[in-house]
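# Descriptive structure summary
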Amino acid sequence: MASIEFDNRVAIITGAGAGLGRSHAIALARRGVRVVASDIQSPDSVCDEIAALGGEAIAIAANVTDPAAVTTMVEKTIDRWGHIDILVNNAGILRDRSFAKMTLDEWRDVIDVHLTGSAICTHAVWQHMRERQYGRIVFTSSSSGLYGNFGQANYGAAKMGVIGLMNVLHLEGIAKGIHVNALSPVAATQMTEGLMPEEALAKLTPDSVSEGLVYLCCDAAPARLILCAGAGSYGATRIFGTQGITLDERDRTAEQVAARIADVVDSADQEETVAGGEQTVRFLAQAGVEITR
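Here we summarise the structure given alongside this text. The shown structure was predicted, so the numbers you read here are calculated from the model rather than taken from an experiment.

### Regarding helix H1 (residues 19-30)
Helix length check: H1 (twelve residues) gives 17 Å between terminal C-alpha atoms against 16 Å at 1.5 Å per residue, within 8%. For H1, a buried count of nine out of twelve residues is recorded, marking the element as mostly surrounded by other parts of the structure. Where H1 is concerned, the buried positions are Leu 20, Gly 21, Ser 23, His 24, Ala 25, Ile 26, Ala 27, Leu 28 and Ala 29. On its buried side, H1 packs onto strand E1 (10-13), strand E2 (34-39), helix H2 (44-52), strand E4 (86-89), strand E6 (178-186) and helix H8 (206-217). Remark: Gly 32 follows H1 within two positions and exhibits a positive phi of approximately 90°.

Right, here's the structure in full:
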């Protein structure tokens, strides 16, 4: 079994004051990673815990929706340790409400923190990582985005949004040594209190999720993986496209699509789709036009 290695690495973890962020920070620090624990208020207690374990950490208060604050955090980190190798976009909030009752402010609040905040933090380290030809970036997704969850239109949209961001940044960063992944966690935190019975919450420890996060951040990390983790179980979500059907112009009607919808959704020969252009190439090939990419 290959060991998980971190060679002189520095990590920024957002939302590190409690819950998964705190757990991620401690788990990385145990592996010798120097940690910047960031939250909207300075998470000093997390750094104290890390120091007690013999690790190195500093606390920086920063709102991920504030580009100036994020830029300052990045500058302070580089001033302290010279470089940034790992970014864990973990900061999040909930404003759960059915869509019919949701205000646009509640929509914006969640999108701003989860999606735009992740983009702001990533943009702040992106050029630095490109220049150093090394980076490990993890976005935090959710089953609410991947599959949907009642009353979480804002949260679900943001959490699926970071998957789109991950997909593009993988394509743009992989040649520069930047591995971009996503974590879809299930854990008992302040955000999940009251949503599940106590017996279930006892199984959903943040620590088990963080071990998956450690893998996504290590020197041998994969790229473009959506790792799902919870209660000690680990799986992956992938996006597949069916072969579908091809209709001649004379048959190209909504009625024909409806009549053959079973063939459209048939998963027998589905393939994993790993770039937006692949769908175009596949459809054109089925229409008799070969595209060389």
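### Quick word on the packing of helix H4 (residues 104-132) against helix H6 (residues 153-173)
The N-to-C vectors of H4 and H6 enclose an angle of 15°; their axes lie 8 Å apart at closest approach. As judged from the angle between their axes, H4 and H6 are roughly parallel. Relative to H6, the crossing made by H4 is right-handed. In this structure, H4 contributes Glu 106, Trp 107, Val 110, Ile 111, His 114, Leu 115, Ser 118, Ala 119, Thr 122, Trp 126 and Arg 130 to the contact, and H6 contributes Ala 153, Asn 154, Tyr 155, Ala 157, Ala 158, Lys 159, Gly 161, Val 162, Leu 165, Leu 169, Glu 172 and Gly 173. Looking at the contact of H4 with H6 residue by residue, the classes come out as 13 nonpolar, six polar and four charged.

### Notes on the pattern of salt bridges
Counting across every chain of the model gives eleven salt bridges. A salt bridge links Arg 22 to Glu 49; its shortest N-O distance comes to 2.7 Å. Taken together, the positions of Arg 22 in helix H1 and Glu 49 in helix H2 put the pair 27 residues apart, joining distant regions of the chain. With relative accessibility at 29%, the residue Glu 49 sits in the partly exposed group. Here Arg 31 makes a salt bridge to Glu 211, at a shortest N to O gap of 3.5 Å. Of the two residues, Arg 31 sits in the loop between H1 and E2 while Glu 211 sits in helix H8, which places them 180 residues apart along the sequence.

What counts and what doesn't
Residues numbered from 1 in each chain as written. Predicted model: local features only at pLDDT ≥ 70, side-chain atom pairs only at ≥ 80, totals over all residues. Heavy atoms only, no water. Helix = DSSP H or I, 4+ residues; strand = E, 2+ residues; numbered from the N terminus. Expected span 1.5 Å × (residues − 1). Buried < 20%, exposed > 50% of the residue type's maximum accessible area, 1.4 Å probe, protein only. Contact = heavy atoms within 4.5 Å. Axes fitted to C-alpha atoms, helices over the stretch in contact; angles between N-to-C directions. Parallel < 35°, antiparallel > 145°, perpendicular 65-115°, else oblique. Left-handed = near helix turned anticlockwise from the far one by under 90°. Nonpolar A, V, L, I, M, F, W, Y, C, P; charged D, E, K, R; others polar. Salt bridge = Lys/Arg side-chain N within 4 Å of Asp/Glu carboxyl O.

Any link to function would need more than the numbers given here.
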